Every structure is written in C-alpha cells, then in structure tokens.
Amino acid sequence: MTRSELIEKIASQQSQLSTKDVELAVKLMIDHMAETLSSGERIEIRGFGSFSLHYREPRQGRNPKTGDSVALEGKHVPHFKPGKELRERVNRSLKAGF
Amino acid sequence: MSALTKSEMADKLFEELGLNKREAKELVEQFFEEIRICLENNEQVKLSGFGNFDLRDKRQRPGRNPKTGEAIPISARRVVTFRPGQKLKAKVEQVTELGGFDNA
C-alpha cells in the first residue's frame, strides 16, 4: 500500500471529509512525525509502536569506487519498535496461513 | 521531554486544518489502523517522505531462558521492520547526541 492508496482507503470510510481534506491530514501527520524525530523526540503510538533514534558511532568508511578511506561522522538513524497489538496481529496472520 | 502521541497528532489536525476534535481523533486512529490492517494482510506499506514498513518471516531458532539458561526454541514468526526513507534519514542525521531521549 502506498501513501496515496492509504489516503483513498481512509477517504472511502469518511462521510464528513473530502479526499482532499484526508490528503492534507495525512501529509500533516507524516510531517509531524518526521519533524518530531528530527527534533530528537520519540513517537509513541499505543498498539502500533514507537519510533526513536539510535546513535551510530563515527567510523572509517571507504569510497566504494576508489577504495579511499573516508572519515564518517557519528549520526542518528530512525528506529521502529512494533507495539504489542501490531506484533500479535501480524504474527497471527502467519499462523492463519497467509 | 515527552514523546509524540496520538492525542498531540489530533491536536495538530484540529489547530492547522480546522477539523473538529472528534474528526481529528478518528482520523489519527484510522491512519494507524489502516496501516495495521495492511500489515496483517502481509502487505508492505510505503509512506513516501517517511519510510517503508516491511514484513519478514523468521524461521524457528534456538533460544534460551535468560534467567534459567534452559534451552527453548523461539517459534517461527512474522515481524514488521521499518526502513526509513532517504528524506527522513537525512533529517535525523544531524540531531545532536543530547537529543533528549534520556529523560523521555
């Protein structure tokens, strides 16, 4: 499912809001989540999961083309930990055979 | 520092889009529920500007009870993994180490 398919799905269940409204809302929610992480704050959605940042130490990397050694700075990377309900529902689908 | 929750996400929809509080709350709930439904149908979710939620089937593997040291197999399972997109990765790279997770 892509972002636009998600918007269509939500809109099809809405009696009040137009597809355009849902599109704006989805954009706002995704931007809000991205902004939160880039300000160094966590996201915690009960039953879905939490997003946080993990730190990667500085290291020596290599330019894959030339083989030259390059110093890479430390950085943060996003990390997702699925919540209990999501874990259980996804795992149930495996047992149900699809 | 507190974490972002559904309630704050709904407040933002109320403030910036003028949805009423009930609509805003429902929309946030629907957003996450549609993603869960898709994943439980074993279908990947791709949110451009954020990242992809993928599914991986893990085979049974040997494990241990960390308390007793007793060997117990870890059953086969399906798990969700998140792969952040380029845009999100670029945005969070520069967060300083004192980003505020310790006191969350």
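In this text the structure is predicted, and so the values were computed from the model without any measurement.

**Some thoughts on the interface of chain A and chain B**
Turning to step 1, where the next piece is worked out: Contact with chain A, which involves 52 residues of that partner, is made by 59 residues of chain B.
Turning to step 2, where the next piece is worked out: Summed over both partners, the interface of chain A with chain B comes to about 5,400 Å²; 68% of that surface belongs to carbon and sulfur atoms.
Turning to step 3, where the next piece is worked out: It is M1, M29 and R89 of chain A in chain A that bury the most area against chain B; as a group they hold 13% of the surface buried on that side.
Turning to step 4, where the next piece is worked out: Joining chain A to chain B, the criterion identifies four salt bridges.
Turning to step 5, where the next piece is worked out: The residue R36 of chain B makes a salt bridge to E85 of chain A at a minimum N-O spacing of 3.9 Å.
Turning to step 6, where the next piece is worked out: The tally of links from chain A across to chain B stands at 19 residue pairs in polar contact (both at pLDDT 80 or more).
Turning to step 7, where the next piece is worked out: Elements represented by at least two residues in the side of chain A that touches chain B include exactly α1 (3-12), α2 (19-38), β1 (43-45), β2 (49-56), β5 (75-82) and α3 (84-95) of chain A.
Turning to step 8, where the next piece is worked out: At 14 residues, the largest contribution of residues to the side of chain A that touches chain B is made by α2 of chain A.
Turning to step 9, where the next piece is worked out: Grouping the amino acids of the side of chain A that touches chain B by side-chain chemistry returns 27 nonpolar, 14 polar and eleven charged.

**Describing the nonpolar core**
Turning to step 1, where the next piece is worked out: F51 of chain A together with F31, I35, F50 and F53 of chain B are the most contacted members of the largest nonpolar core, which totals 46 residues.
Turning to step 2, where the next piece is worked out: In terms of residue count, the dominant contributor to this core is α2 of chain A (nine residues).
Turning to step 3, where the next piece is worked out: Setting aside chain neighbours within four positions, we find I35 of chain B in contact with M1, L6 and F48 of chain A together with V45, L47 and F53 of chain B.

**With respect to the packing of α1 of chain A against α2 of chain A**
All names here are of chain A.
Turning to step 1, where the next piece is worked out: α2 packs onto α1 with a crossing angle of 125° between their chain directions and a minimal axis gap of 9 Å. What the angle tells us is that α1 and α2 run oblique. Two packed elements cross with a definite hand, and for α1 against α2 that hand is right-handed. Within the contact between the two elements, α1 uses R3, I7, E8, I10 and A11 and α2 uses T19, V22, E23, V26, K27 and I30.

**Regarding the side chain of E23 of chain B**
Turning to step 1, where the next piece is worked out: In this fold, E23 of chain B is placed in helix α2 (residues 21-40).
Turning to step 2, where the next piece is worked out: Within the buried set, E23 of chain B has no salt-bridge partner at all; the shortest N-O distance to an opposite charge, 4.9 Å, is to R22 of chain B.
Turning to step 3, where the next piece is worked out: Contact partners of E23 of chain B, with chain neighbours within four places excluded, come to Q16 and L17 of chain A.

**Digging into the confidence of the model for chain B**
Turning to step 1, where the next piece is worked out: Of all residues in chain B, 91% have pLDDT values of 70 or greater, and the mean over the chain is 91.
Turning to step 2, where the next piece is worked out: Across the assembled chains, the prediction reports ipTM 0.91 with pTM 0.89.

**A word on the sheet that holds β1 of chain A**
Residues and elements named next belong to chain A.
Turning to step 1, where the next piece is worked out: Read from one edge to the other, the open sheet built from three strands follows the order β1-β2-β5, with strand pairing classed as antiparallel. Unpaired on one side and paired on the other, β1 and β5 mark the two borders of the sheet. Pairwise comparison of adjacent strand axes, ignoring direction, gives a mean angle of 30° for this sheet.
Turning to step 2, where the next piece is worked out: Examined bridge by bridge, β1 and β2 share three bridges and lie antiparallel to one another. In the strand pairing of β2, I43 is matched with F51.

**Considering the sheet that holds strand β2 (residues 51-58) of chain B**
Residues and elements named next belong to chain B.
Turning to step 1, where the next piece is worked out: Taking strand neighbours across the sheet as the criterion, the three strands line up as β1-β2-β5 in an open arrangement whose pairing is antiparallel. With partners counted over all chains shown, the strands left at the sheet margins are β1 (45-47) and β5 (77-84), one partner each. Put simply, the sheet's adjacent strands are angled 25° from each other on average, direction ignored.
Turning to step 2, where the next piece is worked out: As defined by bridge partners, β2 adjoins β5 across eight bridges and the pair is classed as antiparallel. Counterpart to F53 in the pairing with β5 is F82.

**Examining a positive patch on the surface**
Turning to step 1, where the next piece is worked out: A contiguous patch of positive charge on the surface is contributed by R92 and K95 of chain A together with R56, K58, R61 and R77 of chain B.
Turning to step 2, where the next piece is worked out: Mapped onto the secondary structure, R56 of chain B falls in strand β2.
Turning to step 3, where the next piece is worked out: Owing to a relative accessible area of 48%, R56 of chain B belongs among the partly exposed residues under this scheme.

Rules of the game
Positions within a chain are numbered from 1, following the residues in the order the chain's sequence is written. Think of it this way: whatever chain is written first is A, whatever ligand is written first is 1, and the rest follow in order. It should be noted that, the model being predicted, local features are given only for residues of pLDDT at least 70 and side-chain atom pairs only at 80 or more, the latter also being counted only at that level, while totals for whole chains, interfaces and linings use all residues. As a convention, hydrogens and water are excluded, and side-chain values are obtained from all of the structure's heavy atoms. Only heavy atoms enter the contact rule, under which two residues are in contact if any of them lie within 4.5 Å. The term buried area refers to how much accessible surface (probe radius 1.4 Å) is lost by two components on association, counted for both of them together. Should a side-chain nitrogen of Lys or Arg be within 4 Å of a carboxyl oxygen of Asp or Glu, the pair is scored as a salt bridge. In protein, a polar contact requires one atom able to donate a hydrogen and another able to accept it; more generally it is a pair of N or O atoms within 3.5 Å, and residues adjacent in sequence count only if both atoms are side-chain atoms. Each helix is a run of DSSP H or I of at least 4 residues and each strand a run of E of at least 2, with the numbering of both proceeding from the N terminus. Think of it as three bins: nonpolar holds Ala, Val, Leu, Ile, Met, Phe, Trp, Tyr, Cys and Pro, charged holds Asp, Glu, Lys and Arg, and polar takes everything else, Gly as well. We call a set of buried Ala, Val, Leu, Ile, Met, Phe, Trp, Tyr and Cys residues a nonpolar core when their side-chain atoms join them within 4.5 Å. Only protein chains enter the calculation, and the probe is 1.4 Å; a residue is then buried if its accessible area is under 20% of its type maximum, exposed if over 50%, and partly exposed in between. In this description, a line fitted to the C-alpha atoms serves as the axis of each element, helices being fitted only across the stretch in contact, and the angle between N-to-C directions of two axes falls anywhere from 0 to 180 degrees. Orientation labels follow simple angle bins: below 35 degrees gives roughly parallel, above 145 gives roughly antiparallel, 65 to 115 gives roughly perpendicular, and whatever is left gives oblique. Helix crossings fall into two classes, left-handed where the near helix is turned counterclockwise from the far one by less than a right angle and right-handed where it is turned clockwise. Neither His nor the chain termini are counted; the positive set is Lys and Arg, and the negative set is Asp and Glu. The predictor's confidence in any single residue is recorded as pLDDT, a number from 0 to 100. The rule for pairing is simple: two strands pair if DSSP sees at least two bridges between them. Like-charged residues within 9 Å of one another, or nonpolar side chains (Val, Leu, Ile, Met, Phe, Trp, Tyr) within 5 Å, are grouped into patches, provided each residue has over 30% relative accessible area and no salt bridge. Accessible surface area values rest on a Shrake-Rupley calculation with a 1.4 Å probe, where residue burial reflects the displayed protein chains alone. Every charge is mapped to an atom, namely NZ of Lys, CZ of Arg, CG of Asp or CD of Glu.

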